[in-house]
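Observations on the model geometry
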Amino acid sequence: MILELDCGNSFIKWRVLSPAQTGIVAFGSVGVMEELERALQAIPALALAHARLVSVRSDEETAELVAFIAGHFGIDACCARPELSRGGVRNGYEDFARLGLDRWLAILGAYQQSPGACLVLDLGTAVTSDFVAPDGQHLGGFICPGMPLMRNQLRTHTRRIRYDDAAALEALVSLEPGRSTVEAVERGCVLMLKGFVQAQLEIARGYWGDGFETYLTGGDAKLLAQMLPRARLAPDLIFSGLAVACPLP
Ligand SMILES: Nc1ncnc2c1ncn2[C@@H]1O[C@H](COP(=O)(O)OP(=O)(O)OP(=O)(O)O)[C@@H](O)[C@H]1O
Ligand SMILES: CC(C)(CO)[C@@H](O)C(=O)NCCC(=O)O
Ligand SMILES: [K+]
């Protein structure tokens, strides 16, 4: 079996693949390593032969995860590393090592699924977009705050915006003008993201007309799926890219 980890800024997404990589044995999302330990212990007959991970956390935190895997399962995890090119995609950053590894893997995953022009949108703690030309050249992208950051900034820097996360979900039943604070903030932030996404689509159309694929991933992808009927909703896009970056030995 193969353990895969996607360590984002807020959550660690994990899954265990069957030995032939044909099916998913178990998966989940945790906040801290101890939770991951418990989740893995609960899997009957877990027998890990390989592990691979991508992390956008500090080198120290990433090293801790690698040590955790080595300590518990006796295997060396393959960590995705910055690269100039891989899987037909060329990194477009001035300094390729500065491109977030989650972004790099998402575009590797997208380009593998449809080698051609693509727009990749990842809606997590931060929201990112990346553009890949038909020949695999990464053109760069944009970064802006995601829903968790936007709502927390408002709650932190104002006196009278206060509500809990449970109320947040309920507020998104529609996008009509909010008639309570929670509705006004949550819907306002979703509209900000919609505007961002609209701008990305315009840029992509400017480059390629209708000849591109849009990929949507990240924990808040579903919030925007409706406005992008032609987009491929790909919750596992980073894992797809991880397999490209860290093929089994
Ligand atoms: N089952 C879930 N567990 C956690 N977050 C979820 C879940 N479903 C949706 N979300 C939403 O996903 C967002 C977090 O996104 P995601 O899990 O992609 O990234 P992250 O680890 O926080 O950040 P990133 O990977 O971008 O660094 C939160 O805003 C939360 O509202
Ligand atoms: C932008 C985030 C935080 C999104 O998870 C991550 O990709 C990251 O830390 N990137 C480094 C900066 C950059 O991509 O230019
Ligand atoms: K991510």
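Under an unreviewed UniProt entry, the name given to the protein is Type III pantothenate kinase, and the source organism is Zestomonas insulae. Note on the protein: under the UniProt heading Catalytic activity (unreviewed entry), the record states "(R)-pantothenate + ATP = (R)-4'-phosphopantothenate + ADP + H(+)". Under Sequence similarities (unreviewed entry), UniProt gives the following word-for-word description of the protein: "Belongs to the type III pantothenate kinase family."

The positions that UniProt labels "binding site: substrate" (unreviewed entry) are, in the present scheme, Tyr93, Gly100, Leu101, Asp102, Arg103 and Thr181. Sequence-wise these annotated residues cover 89 residues; spatially they are dispersed, their C-alpha atoms as much as 40.0 Å apart. Looking at the element boundaries, Leu101 is found in helix α3 (residues 101–113). The residue Thr181 is located in helix α6 (residues 181–208) in this model. Using a relative accessible area of 38% as the deciding quantity, one classes Thr181 as partly exposed. Not counting residues within four places of it along the chain, the set of residues in contact with Thr181 comprises Arg160 and Ile161.

It is worth spelling out the packing of aromatic side chains at this point. For the structure shown, the criterion picks out five aromatic pairs. Taken together, a centroid distance of 6.0 Å and an interplanar angle of 50 degrees make the contact between Trp208 and Phe212 tilted. Note on Trp208: relative accessible area 15%, which makes it buried. Residue class for Phe212 comes out buried when judged on its relative accessible area of 8%. Among the aromatic side chains, those forming a connected cluster through ring pairs are Phe131, Phe142, Tyr207, Trp208 and Phe212.

Count 3.6 residues to each turn of an α-helix, and residues three or four apart come out pointing the same way. Of the residues making up helix α4 (residues 147–157), those classed as buried are Met147, Met150, Arg151 and Arg155. Here the buried residues of α4 occupy an arc of 125 degrees about the axis, which is enough to place them on one side. Away from the buried face of α4 by more than 90 degrees, exposed residues Thr156 and His157 are located. Buried positions along α4 lie against β10 (138–145), α5 (165–171), α6 and α7 (222–225).

Reading guide: rules and limits
- Residues numbered from 1 in each chain as written.
- Chains lettered and ligands numbered in written order.
- Predicted model: local features only at pLDDT ≥ 70, side-chain atom pairs only at ≥ 80, totals over all residues.
- Heavy atoms only, no water.
- UniProt positions renumbered as here; feature names shortened; annotations may be inferred.
- Helix = DSSP H or I, 4+ residues; strand = E, 2+ residues; numbered from the N terminus.
- Buried < 20%, exposed > 50% of the residue type's maximum accessible area, 1.4 Å probe, protein only.
- Contact = heavy atoms within 4.5 Å.
- Phe/Tyr/Trp six-rings, centres within 6.5 Å; stacked < 30°, edge-to-face > 60°.
- Arc of directions from axis to C-beta.

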